[in-house]
Amino acid sequence: MEGKTVEQSRVVMARSMQPTDANGYGNVHGGAIMRFVDEAGGAAAIRHARMRCVTAAVDHMSFRAPVHVGDLVTVTACVTYTGHKSIEVECQVHAENFITGVVTHTATCHLVFVAIDEDGHTIPVPPLILTTDEDHERWAAAERRRASRPRD
Ligand SMILES: CC(C)(COP(=O)(O)OP(=O)(O)OC[C@H]1O[C@@H](n2cnc3c(N)ncnc32)[C@H](O)[C@@H]1OP(=O)(O)O)[C@@H](O)C(=O)NCCC(=O)NCCS
(Lines give C-alpha, C1' and ligand atoms only; values in the text may rest on other atoms or scores of the structure.)
Protein backbone atom coordinates (compact mmCIF):
# COMPACT_ATOMS: atom_id res chain seq x y z
CA MET A 1 0.00 0.00 0.00
CA GLU A 2 1.36 3.42 -0.95
CA GLY A 3 2.48 5.63 1.94
CA LYS A 4 1.29 9.15 2.67
CA THR A 5 3.08 12.10 4.21
CA VAL A 6 1.83 13.98 7.27
CA GLU A 7 1.03 17.00 5.10
CA GLN A 8 -1.25 14.99 2.82
CA SER A 9 -3.80 14.52 5.59
CA ARG A 10 -3.33 17.55 7.84
CA VAL A 11 -6.69 19.12 8.71
CA VAL A 12 -7.43 22.59 10.08
CA MET A 13 -11.01 23.16 11.20
CA ALA A 14 -12.31 26.37 12.74
CA ARG A 15 -15.64 27.55 14.04
CA SER A 16 -16.96 30.20 16.39
CA MET A 17 -18.45 28.94 19.63
CA GLN A 18 -22.22 29.34 20.00
CA PRO A 19 -24.45 29.68 23.09
CA THR A 20 -25.50 26.03 22.55
CA ASP A 21 -21.85 25.03 23.12
CA ALA A 22 -21.75 26.68 26.54
CA ASN A 23 -23.24 26.91 30.00
CA GLY A 24 -25.32 29.87 31.22
CA TYR A 25 -22.22 31.93 32.00
CA GLY A 26 -20.84 31.62 28.47
CA ASN A 27 -18.11 29.10 29.29
CA VAL A 28 -17.84 26.50 26.54
CA HIS A 29 -18.36 22.89 27.66
CA GLY A 30 -15.32 20.62 27.55
CA GLY A 31 -17.52 18.12 25.74
CA ALA A 32 -18.14 20.59 22.91
CA ILE A 33 -14.38 20.91 22.42
CA MET A 34 -13.94 17.12 22.65
CA ARG A 35 -16.53 16.56 19.95
CA PHE A 36 -14.81 19.08 17.70
CA VAL A 37 -11.46 17.35 18.34
CA ASP A 38 -12.98 13.98 17.45
CA GLU A 39 -14.39 15.41 14.20
CA ALA A 40 -11.12 17.06 13.14
CA GLY A 41 -9.02 14.05 14.20
CA GLY A 42 -11.35 11.71 12.35
CA ALA A 43 -11.14 13.85 9.23
CA ALA A 44 -7.32 13.61 9.28
CA ALA A 45 -7.44 9.83 9.78
CA ILE A 46 -9.93 9.35 6.94
CA ARG A 47 -7.90 11.65 4.71
CA HIS A 48 -4.82 9.53 5.42
CA ALA A 49 -6.55 6.19 4.93
CA ARG A 50 -9.24 7.17 2.42
CA MET A 51 -11.31 4.57 4.27
CA ARG A 52 -13.93 4.65 7.00
CA CYS A 53 -12.28 5.16 10.39
CA VAL A 54 -13.75 4.87 13.88
CA THR A 55 -12.43 6.33 17.12
CA ALA A 56 -10.81 3.56 19.17
CA ALA A 57 -9.21 5.68 21.91
CA VAL A 58 -8.97 9.23 23.16
CA ASP A 59 -6.04 10.01 25.41
CA HIS A 60 -6.01 12.28 28.43
CA MET A 61 -7.16 15.84 27.73
CA SER A 62 -6.45 18.83 29.98
CA PHE A 63 -8.08 22.18 29.35
CA ARG A 64 -5.39 24.81 29.92
CA ALA A 65 -7.55 27.92 29.52
CA PRO A 66 -11.28 28.67 29.28
CA VAL A 67 -13.07 29.11 25.96
CA HIS A 68 -15.99 31.53 25.71
CA VAL A 69 -19.00 31.97 23.46
CA GLY A 70 -17.92 33.94 20.39
CA ASP A 71 -14.31 32.67 20.45
CA LEU A 72 -12.99 31.19 17.22
CA VAL A 73 -11.77 27.69 18.03
CA THR A 74 -9.30 26.07 15.66
CA VAL A 75 -8.34 22.41 15.74
CA THR A 76 -5.24 21.40 13.81
CA ALA A 77 -5.04 17.64 13.36
CA CYS A 78 -2.11 15.67 11.99
CA VAL A 79 -1.26 11.99 11.77
CA THR A 80 1.63 11.14 14.07
CA TYR A 81 1.85 7.36 13.73
CA THR A 82 0.44 4.45 11.79
CA GLY A 83 0.34 0.85 12.90
CA HIS A 84 -0.99 -2.00 10.81
CA LYS A 85 -4.66 -1.03 11.10
CA SER A 86 -4.59 2.02 13.39
CA ILE A 87 -3.72 5.69 13.02
CA GLU A 88 -2.75 8.05 15.80
CA VAL A 89 -3.71 11.70 15.32
CA GLU A 90 -2.55 14.71 17.34
CA CYS A 91 -5.03 17.56 17.74
CA GLN A 92 -3.92 21.01 18.82
CA VAL A 93 -6.75 23.26 19.98
CA HIS A 94 -6.48 27.06 20.04
CA ALA A 95 -9.07 29.71 20.84
CA GLU A 96 -8.97 33.25 19.48
CA ASN A 97 -10.84 36.14 21.02
CA PHE A 98 -12.27 37.86 17.95
CA ILE A 99 -12.18 41.32 19.54
CA THR A 100 -8.73 41.36 21.12
CA GLY A 101 -7.08 38.92 18.72
CA VAL A 102 -5.48 37.07 21.64
CA VAL A 103 -4.93 33.40 20.87
CA THR A 104 -4.71 30.86 23.68
CA HIS A 105 -3.65 27.23 23.60
CA THR A 106 -6.68 25.34 24.90
CA ALA A 107 -5.55 21.73 24.74
CA THR A 108 -3.55 19.04 22.97
CA CYS A 109 -4.98 15.57 22.57
CA HIS A 110 -4.02 12.28 20.93
CA LEU A 111 -6.60 9.93 19.46
CA VAL A 112 -6.41 6.49 17.86
CA PHE A 113 -8.58 5.70 14.85
CA VAL A 114 -9.04 2.28 13.32
CA ALA A 115 -9.93 1.70 9.68
CA ILE A 116 -12.88 -0.56 8.95
CA ASP A 117 -14.48 -1.97 5.82
CA GLU A 118 -18.18 -1.89 5.00
CA ASP A 119 -18.78 -4.95 7.18
CA GLY A 120 -17.08 -3.34 10.17
CA HIS A 121 -13.95 -5.51 9.93
CA THR A 122 -10.66 -3.81 10.71
CA ILE A 123 -8.40 -3.30 7.70
CA PRO A 124 -4.78 -2.18 7.04
CA VAL A 125 -3.97 1.51 6.60
CA PRO A 126 -1.31 3.16 4.40
CA PRO A 127 2.04 3.67 6.16
CA LEU A 128 3.04 7.19 7.22
CA ILE A 129 5.99 8.71 5.37
CA LEU A 130 8.12 10.82 7.73
CA THR A 131 9.81 13.75 5.99
CA THR A 132 10.88 16.16 8.75
CA ASP A 133 12.68 15.98 12.10
CA GLU A 134 9.39 16.98 13.72
CA ASP A 135 7.62 14.04 12.04
CA HIS A 136 10.25 11.67 13.50
CA GLU A 137 9.93 13.22 16.97
CA ARG A 138 6.13 12.91 16.91
CA TRP A 139 6.42 9.29 15.73
CA ALA A 140 8.79 8.41 18.59
CA ALA A 141 6.47 10.02 21.14
CA ALA A 142 3.49 8.16 19.61
CA GLU A 143 5.34 4.85 19.97
CA ARG A 144 5.82 5.56 23.67
CA ARG A 145 2.12 6.42 24.08
CA ARG A 146 1.11 3.28 22.21
CA ALA A 147 3.22 1.14 24.53
CA SER A 148 1.54 2.61 27.62
CA ARG A 149 -2.02 2.87 26.27
CA PRO A 150 -4.46 0.53 28.05
CA ARG A 151 -6.45 -1.99 26.02
CA ASP A 152 -9.52 -3.68 27.53
C1 LIG B 1 -12.00 0.03 17.42
C2 LIG B 1 -12.43 -1.37 17.02
C3 LIG B 1 -12.80 -1.39 15.53
C4 LIG B 1 -11.23 -2.27 17.26
O5 LIG B 1 -11.63 -3.59 16.96
P6 LIG B 1 -10.62 -4.83 17.29
O7 LIG B 1 -11.23 -6.04 16.74
O8 LIG B 1 -10.21 -4.77 18.73
O9 LIG B 1 -9.39 -4.38 16.44
P10 LIG B 1 -8.11 -5.24 16.02
O11 LIG B 1 -7.79 -6.24 17.10
O12 LIG B 1 -8.28 -5.75 14.62
O13 LIG B 1 -6.97 -4.13 16.07
C14 LIG B 1 -6.86 -3.20 15.01
C15 LIG B 1 -6.02 -2.04 15.49
O16 LIG B 1 -6.79 -1.25 16.40
C17 LIG B 1 -6.01 -0.97 17.56
N18 LIG B 1 -6.93 -0.83 18.66
C19 LIG B 1 -8.05 -1.56 18.90
N20 LIG B 1 -8.65 -1.13 20.03
C21 LIG B 1 -7.90 -0.11 20.51
C22 LIG B 1 -7.99 0.74 21.63
N23 LIG B 1 -8.98 0.62 22.52
N24 LIG B 1 -7.05 1.67 21.80
C25 LIG B 1 -6.04 1.83 20.91
N26 LIG B 1 -5.90 1.05 19.83
C27 LIG B 1 -6.81 0.09 19.62
C28 LIG B 1 -5.11 -2.19 17.69
O29 LIG B 1 -3.97 -1.89 18.48
C30 LIG B 1 -4.75 -2.43 16.26
O31 LIG B 1 -3.74 -1.52 15.87
P32 LIG B 1 -2.55 -1.93 14.86
O33 LIG B 1 -3.18 -2.70 13.73
O34 LIG B 1 -2.00 -0.63 14.43
O35 LIG B 1 -1.61 -2.78 15.67
C36 LIG B 1 -13.64 -1.87 17.88
O37 LIG B 1 -13.26 -1.97 19.23
C38 LIG B 1 -14.83 -0.96 17.74
O39 LIG B 1 -15.59 -1.05 16.77
N40 LIG B 1 -15.01 -0.04 18.71
C41 LIG B 1 -16.08 0.97 18.61
C42 LIG B 1 -15.58 2.14 17.76
C43 LIG B 1 -16.60 3.27 17.71
O44 LIG B 1 -17.72 3.06 17.34
N45 LIG B 1 -16.17 4.46 18.13
C46 LIG B 1 -17.04 5.59 18.19
C47 LIG B 1 -17.49 5.88 19.60
S48 LIG B 1 -18.76 4.78 20.11
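Scoring rules and cut-offs
Residues numbered from 1 in each chain as written. Predicted model: local features only at pLDDT ≥ 70, side-chain atom pairs only at ≥ 80, totals over all residues. Heavy atoms only, no water. Helix = DSSP H or I, 4+ residues; strand = E, 2+ residues; numbered from the N terminus. Polar contact = N/O pair within 3.5 Å; in protein donor to acceptor, adjacent residues only side chain to side chain. Pairing = 2+ DSSP bridges. Axes fitted to C-alpha atoms, helices over the stretch in contact; angles between N-to-C directions. Contact = heavy atoms within 4.5 Å. Near = heavy atom within 4 Å. Areas by Shrake-Rupley, 256 points an atom, 1.4 Å probe, with all protein chains shown as cover. Nonpolar A, V, L, I, M, F, W, Y, C, P; charged D, E, K, R; others polar. Phe/Tyr/Trp six-rings, centres within 6.5 Å; stacked < 30°, edge-to-face > 60°. Buried < 20%, exposed > 50% of the residue type's maximum accessible area, 1.4 Å probe, protein only. Lys NZ or Arg CZ within 6 Å of the ring centre and 35° of its normal. 1 Å grid on protein atoms, 1.4 Å probe; cavity = no way out; pocket = protein on both sides within 12 Å on 5 of 7 lines; lining within 4 Å. Points joined across faces, edges and corners; volume = space filled by probe spheres on them.

## Structural notes on the side chain of His110
Item 1. Looking at the secondary structure, you find His110 in strand 6 (residues 103–116).
Item 2. Of note is the side chain of His110, whose polar atom sits 2.8 Å from the side chain of Glu90.

## Remarks on the sheet that holds strand 6
Item 1. The sheet built from 5 strands is open, its strands ordered 2-4-5-6-3 with antiparallel pairing. Looking at which strands have only one partner, the edges of the open sheet turn out to be strand 2 (11–16) and strand 3 (52–58). Across this sheet, the average inter-strand angle for adjacent strands is 30 degrees, counted without regard to direction.
Item 2. With 6 bridges connecting them, strand 2 and strand 4 (residues 72–82) associate as antiparallel partners. Paired with Ala14 across the bridge in strand 4 is Thr74.
Item 3. Across the sheet, helix 1 (residues 30–49) is in contact with strand 2, strand 3, strand 4, strand 5 (86–96) and strand 6; its angle to strand 4 comes to roughly 45 degrees.
Item 4. In this fold helix 2 (residues 133–148) packs onto strand 4, strand 5 and strand 6, with an angle of close to 80 degrees to the strand it touches most, strand 4.

## Let's talk about the site of the ligand
Item 1. As a structural note, the neighbourhood of the ligand is formed by 13 residues, with Thr55, Lys85, Ser86, Thr122 and Arg146 the closest of them.
Item 2. At 3.4 Å, a backbone N or O of Ala56 approaches a nitrogen atom of the ligand.
Item 3. Taking 930 Å² as the accessible area of the ligand by itself, protein coverage stands at 53%.
Item 4. Only strand 3 and strand 6 provide two or more residues apiece to the shell around the ligand.
Item 5. For the shell around the ligand, the leading source of residues is strand 3, giving 4 residues.
Item 6. Taken together, the residues that form the shell around the ligand break down as 5 nonpolar, 5 polar and 3 charged.

## Details of the packing of aromatic side chains
Item 1. Per the stated rule, a full pass over the model turns up 1 aromatic pair.
Item 2. Here Tyr81 and Trp139 contribute two aromatic rings whose centre-to-centre distance is 4.4 Å and whose plane-to-plane angle is 45 degrees, an arrangement assigned as tilted. Here the residue Tyr81 occupies a position in strand 4, and Trp139 occupies one in helix 2, the gap between them amounting to 58 residues.
Item 3. With relative accessibility at 12%, the residue Tyr81 sits in the buried group.
Item 4. Lying over the aromatic face of Phe36, Arg15 brings its terminal NZ or CZ to 5.5 Å of the ring centre.

## Points about the layout of surface pockets
Item 1. Size it by volume and the largest pocket reaches roughly 410 Å³.
Item 2. Lining the largest pocket are 15 residues, and of these Ser86, Val112, Val114, Arg146 and Arg151 sit closest to its centre.
Item 3. Class assignment of the residues belonging to the lining of the largest pocket gives a composition of 7 nonpolar, 3 polar and 5 charged.

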